[in-house]
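Chains, contacts and geometry: an overview
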Amino acid sequence: MALSAGELRIEVVGREIVGRPVPGRARRSYGPYLRGVPALVLMSVVLVPAGLTVRAAFHTPEGYGLGNFVVLGDHAALHAVLNSLIWVAVALVLVVLGFAVALASRRTPGLWRVLSPFLVFPFAVAVLVSGAAFRIIFDPTPERGTVTAIATALTGDSPVWLGPGLFWLVQVSAFAWTWLGYAASLFRAGLGAIPDDLGRAVEAENVRGWRRLLAVEVPLLRTITGVVTLTLVVAAVRLFDLVLIVVPGPMQDDADVLALNWWHTTNASPDDAGPPAALALVLFAIVAVVAVVGVRGLRRPWAMPDRGGLDRAATAIPDPAPVPAQRRRGLAIAVPMGLLWAFPALVLVATALHSPLAAGLRGWWGRAGIGFDSFGAASNAGLWRALLTTALIAATATMLVLAVGVITAHLLAWGGLPTWLGRAAMTAFVILAVTPVQMYAGPLRQVFTDTGLGGSPLSLAVVHAAAGLPFAVLLLRAAFAAVPPSLIAEAVHGQAGQGWAIARVSRACRPALVAVAVLEFVLVWNDFIVGFLINGAGSPLSLVLWGEARQFATSAGPVAAAAVVSSVVPVVLLLATWPTVVRGLTVGTAP
Amino acid sequence: MPDRRTFLTGLAGAGVAASLAGCAGSFGVGRTVTVAVTWSGAELNAFRKVLRGLETRHYQAVPIPYGDDIDTALGSSRSRRPDVVMLPQPGLVAKNRDSLAPLPDGIWRSPEAQYDKVWESLLFHDGQPYGVPFKITHKSVVWYRKSVFGKHGLTPPTKWTEWLELNRRLVRCGETPLALGAADGWMLTDFFENVLVGCSPGSYKALTDRNRPRLADDPMVGKALRLLGRMWAEPDALAGGVNGSLVQQFTDAVVEVFGHGRAAMVVAPDFAEVEVLRFAADPGDIRVFPFPAVDGDDQDSVPASAGRPLIVGGDVAVLSADPTEDARDLVSRLAGPSAPLPWIRKAGGFLAAHRDTPTGDYSNELRKLNCDITKPPGEIQFDLSDQLGPIGGRTGLWRVLQDFLVRVGGQGSGGVPHEVDEAMKQLRELEG
């Protein structure tokens, strides 16, 4: 066949087919593997030391074996395990409570809008800060402690709230204060996303009360329940700084939890890495089991592209406008409860506004010594420089997590990895997301001490980024996978580059990106344990707080001042972005 | 190691110090001499003033707070090691001699010229001094409110039996005699050590001298516990009872006595003066008496020869190996008799180790304690629990004494012997 146009002549020449036909095969591309490299490099900061810990756990002077696990038979270790299990139970109760609050707020229009900021802001506050607030409220002297003062005024006497047994009340209050709002918010978002017509259909069939709850809400919110349970249980098992700040020295053995017991074991035998490594492995095993079980509930929606999920979550059906009577009822509940939730923060602020002397002698309600002296004392302890360094560390870690997280999440959602590899990587990230810092703290600290990198903010930021990456990847992947494939069809068919696809997906998933960035920033800002265990100093801000808190009650002024100053940034950031963060967190989990 | 600075021994420190050392280097103008210290808060500020008075126009002296982990200062890598370290336990000097340099000539002319002779064995090696005492801590002190004693016509006790009687009379008058900062374990070990020295200075000395001391094997430890237990077991003797004591830290106990006025006395070292002055409702009400001589009680007798206990601690300035000329110069200046004057004047709660430091600026109470150290009632003893290693710390003696307090406190003296047996058993298990 030939075509000719003027001088040009184009000819198509056919050729005889020889040999049998072979199945077509796509060009093998190393692109996906290359895009996995940043995550692999960053995660090696955690993976290599964790591997060394596993090795140390089984390594005894006589060779490899289970000898180090004898440490578990130790009375103190058993006690710590038991206490950690009690904490897990506390976490589960909180999940139920959070659900109840969400349900109640759904049925009482007008309640949530007033209440949610009060419930949510403690989530942005460091554990060290909430522990300090509750220790101030429950101070054992009637001159300083709010609860002791009230009890003494009413009955003439008061229990010693921080004393044996009762310290649990103080710890659990602080824990609940931090987490209840988080749980309620997520459940609330889930309830809001239940399609309206479903509710009407159920109502038409006259299914009400408990039956409706068990038939509709509970099963539909399974995935969100999974996320909430996972977060809370992991927080309960990792509990460390709350015990340190709340419980006075003599009761710390009673209050011992796994993470703390690990730390004491490390201190008791600094040269023998075996027993602490064995403890870390047990801690890890518990958390990993919880995670894997919890994630079974998440797998379906998190792993499947869900065409409608994104839009539906983004435009959840708004609550019906409350009628005035309902509005009044909502306010009647919301205002007292909001005030109750704001109270610890008010105590901190009021205490901080007293001079160190006045705050050491009298409670926050005293009229003497009001002024900014406590802020001055905290600033003498290096508060402002610590604030700057912390901001630097948190910002660096956040940017690193975002950059690596977006590339990795896109790779796992759309990147064309072999199925088995993608699945394996996902499982690895789930387990890594809950890996306790004790798994890698020992070897990392050794390296940092030997190389003298321990005090450098950059090295701390890299460790934080590595610790935060798995959660970021899980969240982003869920969001990316929920993007309609049509959005990036060109990239899927190879007509556009992966960079273009990543940019497009990221734009579509802005809430998830915001959620990752905000949570990572707040987490790093508030960190105590990672910095404390790894570079020995703690992240600079917690370090100042912790240093001031050594003689707790008589330093209440500077402690409260440091707590207030360190909480401003995360609280403002979280409150400003919370609706977006919730949307980001629940993307892909919408029913 | 047990000390107020070590209530959380552990990992913290190396990193802080490293980062701060970095800051000191980069923020300083020109040459700096870094000084590692354990002090924080008011004491750190006071030491800053001391350094400001000593630095020259050639170099700046920068304190680096190491908190509980001052021993890591000597362990850190050479480039990050501070030039000068203020060691809170003189016993650490001998242990770390490899990373130290001998002091420049002329600081310490002859062993007994400027300092008490107890320092010699701790700080000299081959006739060379490796550290110079800066601050001395008097740990055999009872702080009390004069007004409470005056109101009931009581005078400070000089003997243990008088003290027990005084406590009973205070209880009968509706006053609480003692505030105990049991949340800080070192408050209890200090109390116990004083009773032990009072019972048997020989036993105490033997325990401090031995390489691996065993408390459980010494019957005098049991006797001291019985005496102490019967004082704590007296009903209503402790402010806040046992639970209240357990949640009180050192400064809370000071506030309990001088701020809230709920107790008459607190056993606390001389440096408590900083806090006492801060929180005292009436500064004119502050008095001290030395820890009474232990003469037994109605059930345990003690030979009269023992005398009044005097336990001290101290902070010693040492030079890191390969010191710079500036560091040597700073240590020479720190060793001068007038060096600590800014601290004494501005903050109080400081006793100078140097014999020639002018005493004119001490408060009345600290002047009494200073006399006690310069003209001791008997032999001066160094703090025991500092020298016991882990057994003297959080999981050892602190825990044993806290448990003992829980079981005997306010229960009456009947159960004390049994609880002492329990405590000794606990010690035996710990000491293996």
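On a predicted model such as this, the values are computed, not experimentally measured, just so you know.

So, how was this worked out
- All residue numbers here refer to positions counted from 1 along the written sequence of the relevant chain.
- Both sets of labels track the order of writing: A upward for chains, 1 upward for ligands.
- Given that the model is predicted, a residue must reach a pLDDT of at least 70 before its local features are reported, and side-chain atom pairs must reach 80 or more before they are shown or counted; all residues, however, enter totals for whole chains, interfaces and linings.
- Values shown for side chains rest on all heavy atoms present in the structure; no hydrogens or waters enter the calculation.
- Only runs of H or I of at least four residues qualify as helices and only runs of E of at least two qualify as strands under DSSP, and these elements are numbered from the N terminus.
- When accessible area is computed with a 1.4 Å probe and restricted to protein chains, residues below 20% of their type maximum are described as buried, those above 50% as exposed, and intermediate ones as partly exposed.
- Note on contacts: a residue pair qualifies if any of its non-hydrogen atoms lie within 4.5 Å across the two residues.
- Only the protein chains shown count as cover for residues, with accessible areas throughout obtained via the Shrake-Rupley method and a probe of 1.4 Å.
- Patch definition: residues with relative accessible area over 30% and no salt bridge; like charges joined within 9 Å; nonpolar side chains (Val, Leu, Ile, Met, Phe, Trp, Tyr) joined within 5 Å.
- We define a salt bridge as a side-chain nitrogen of Lys or Arg found within 4 Å of a carboxyl oxygen belonging to Asp or Glu.
- Each pair of strands is called paired provided DSSP finds at least two bridges between the two strands.
- Note on handedness: a clockwise path from strand one over the helix to strand two, with the strands aimed away from the viewer, defines a right-handed crossover.
- Each residue after the first adds 1.5 Å to the expected span of a helix.
- We define the bend at any residue as the angle between the axes fitted to the seven residues before and including it, ending there, and the seven starting there.
- Axis geometry follows a simple rule: fit a line to the C-alpha atoms, using only the stretch in contact for helices, then measure angles between N-to-C directions, giving values from 0 to 180 degrees.
- Note on convention: near helix rotated counterclockwise from far helix by under a right angle means a left-handed crossing. Clockwise means right-handed.
- Nitrogen and oxygen atoms within 3.5 Å of one another constitute a polar contact, given that in protein one can donate a hydrogen and the other can accept it, and given that sequence-neighbouring residues count only through two side-chain atoms.
- Residues belong to one nonpolar core when they are buried, are Ala, Val, Leu, Ile, Met, Phe, Trp, Tyr or Cys, and are joined through side-chain atoms within 4.5 Å.
- Within a predicted model, pLDDT stands for the predictor's per-residue confidence, ranging from 0 to 100.

On to the overall build of chain A, then. A count of helices and strands for chain A gives 26 helices and four strands. Considering chain A as a whole, with its 591 residues, one finds that 54% of them fall into the buried category. Contacts in chain A between residues at least 24 apart in sequence constitute 78% of all its contacts with a sequence separation of at least 6. Counting only carbon and sulfur atoms, one obtains 67% of the accessible surface of chain A, whose full area is about 26000 Å².

On the surface, a cluster of nonpolar side chains totalling about 520 Å² of accessible area is made up of A:Tyr30, A:Tyr33, A:Leu34, A:Val37 and A:Val41. Summarising the element assignment, A:Val41 is placed in helix α1 (residues 31-58).

All names here are of chain B. Within the secondary structure, Ala 73 is located in helix α3 (residues 71-75). Residue Ala 73 is classed as buried on the basis of its relative accessible area, which comes to 0%. Distance from Ala 73 to Ser 320, taken between C-alpha atoms, is 9.4 Å for residues 247 residues apart in sequence. Apart from the residues within four sequence positions on either side, Ala 73 is in contact with Ala 36, Tyr 66, Arg 81, Pro 82 and Val 85.

Here we come to the environment of B:Asn243. Its location among the elements puts B:Asn243 in helix α11 (residues 241-246). A residue is classified by how much of its surface remains accessible, and B:Asn243, at 35% relative accessible area, is partly exposed. As for B:Asn243 and B:Asn45, which are separated by 198 residues in sequence, their C-alpha atoms are 34 Å apart. If sequence neighbours within four positions are ignored, B:Asn243 has contacts with A:Val160 and A:Pro164.

Before going further, it helps to spend a moment on the pairing of strand β2 (residues 59-65) of chain B. Residues and elements named next belong to chain B. Counting buried residues along β2, five of its seven residues qualify, which places the element largely inside the surrounding structure. Relative to β2, strand β1 (residues 31-37) runs parallel, the two sharing seven bridges. Looking at the pairing, Thr 32 lines up with Gln 60 of β2. Chirality of the crossover, the property in question, places the unit of β1, helix α2 (residues 41-54) and β2 among those that are right-handed.

Residue and element names in this part refer to chain A. Between its terminal C-alpha atoms helix α14 (residues 324-352) stretches 39 Å, which fits the 42 Å expected from 29 residues at 1.5 Å a residue. Along its length, α14 shows its largest kink, about 40°, at Phe 343, and proline Pro 344 lies within four residues downstream of that point. Among all positions in α14, only Gly 330, Ala 334, Gly 338, Trp 341, Ala 342, Pro 344, Val 347, Leu 348, Ala 350, Thr 351 and Ala 352 are buried. For α14, the secondary structure elements touched by its buried residues are α3 (111-120), α4 (127-137), α6 (167-192), α15 (356-361), α16 (373-380) and α26 (556-586).

Here we take up the pattern of salt bridges. Residue and element names in this part refer to chain B. This model, assessed by the stated rule, comprises 26 salt bridges over all chains. With a shortest N-O distance of 2.9 Å, Arg 226 and Asp 300 are connected by a salt bridge. Residue Arg 226 is found in helix α10 (residues 219-233), and its partner Asp 300 is found in the loop between β11 (286-290) and β12 (311-320); the two are separated by 74 residues along the sequence. For Asp 300, a relative accessible area of 9% translates into the label buried. Among the ionic pairs, Lys 425 bridges to Glu 422, the shortest N-O distance being 3.6 Å.

Attention now goes to the sheet that holds strand β10 (residues 265-267) of chain B. All names here are of chain B. One open sheet holds the four strands; their spatial order is β9-β10-β8-β11, and the pairing between them is mixed. At either margin of the open sheet sits one strand with a lone partner, and together these are β9 (178-179) and β11. Both strand β8 (residues 141-145) and β11 contribute to a ladder of five bridges, which runs antiparallel. Among the inter-strand pairings, Val 142 is bridged to a residue of β11, identified as Phe 289. Contacts from helix α16 (residues 364-374) reach β8 and β11 within the one sheet, and its direction differs from that of β11 by about 15°.

Helical periodicity: at 3.6 residues per turn, an α-helix aligns residues three or four positions apart in one direction. All of the buried residues in helix α5 (residues 146-155) of chain A are A:Thr146, A:Thr148, A:Ala149 and A:Ala151. Directly beyond the C-terminal end of α5(A), a positive phi value near 85° is found at A:Gly156.

The next thing to look at is the packing of helix α17 (residues 383-414) of chain A against helix α20 (residues 457-481) of chain A. The axes of two packed helices give the description: the angle between them and the distance between them. Contact geometry for α17(A) and α20(A): axes closest at 6 Å, N-to-C directions at 35°. Here α17(A) and α20(A) pass one another in a crossing that is right-handed.

With that out of the way, let us pick up the side chain of A:Ser555. All names here are of chain A. One can find Ser 555 in the loop between α25 (540-548) and α26. Under the relative-accessibility criterion, Ser 555 is labelled buried at 13%. A polar contact of 3.3 Å, which involves the side chain of Ser 555, links it to the backbone oxygen of Glu 548.

By size, the foremost hydrophobic cluster in this structure holds 242 residues, and its most contacted members are A:Phe175, A:Phe240, B:Trp160, B:Trp163, B:Phe191, B:Trp232 and B:Met265. Among the nonpolar cores identified, the runner-up in size contains 84 residues, and B:Trp143, B:Val254, B:Val266 and B:Ala353 belong to it.

On to the pairing of strand β7 (residues 131-138) of chain B, then. Residues and elements named next belong to chain B. A large share of β7 lies buried, amounting to eight of its eight residues. Taken together, the seven bridges between β7 and β12 define a ladder with antiparallel strand orientation. Its bridge partner being in β12, Gly 131 is matched across the sheet by Val 318. Bridge count between β7 and strand β13 (residues 351-352): two bridges; the pairing is antiparallel. Across the sheet, residue Lys 135 finds its bridge partner in β13, namely Ala 352.

The next thing to look at is the confidence of the model for chain B. Detailed reading of the predicted model is not advised wherever pLDDT is low. Of the residues in chain B, 90% have a pLDDT of 70 or more, and the chain-wide mean is 85. Prediction confidence for the complex, expressed as pTM and ipTM, is 0.87 and 0.84 respectively.

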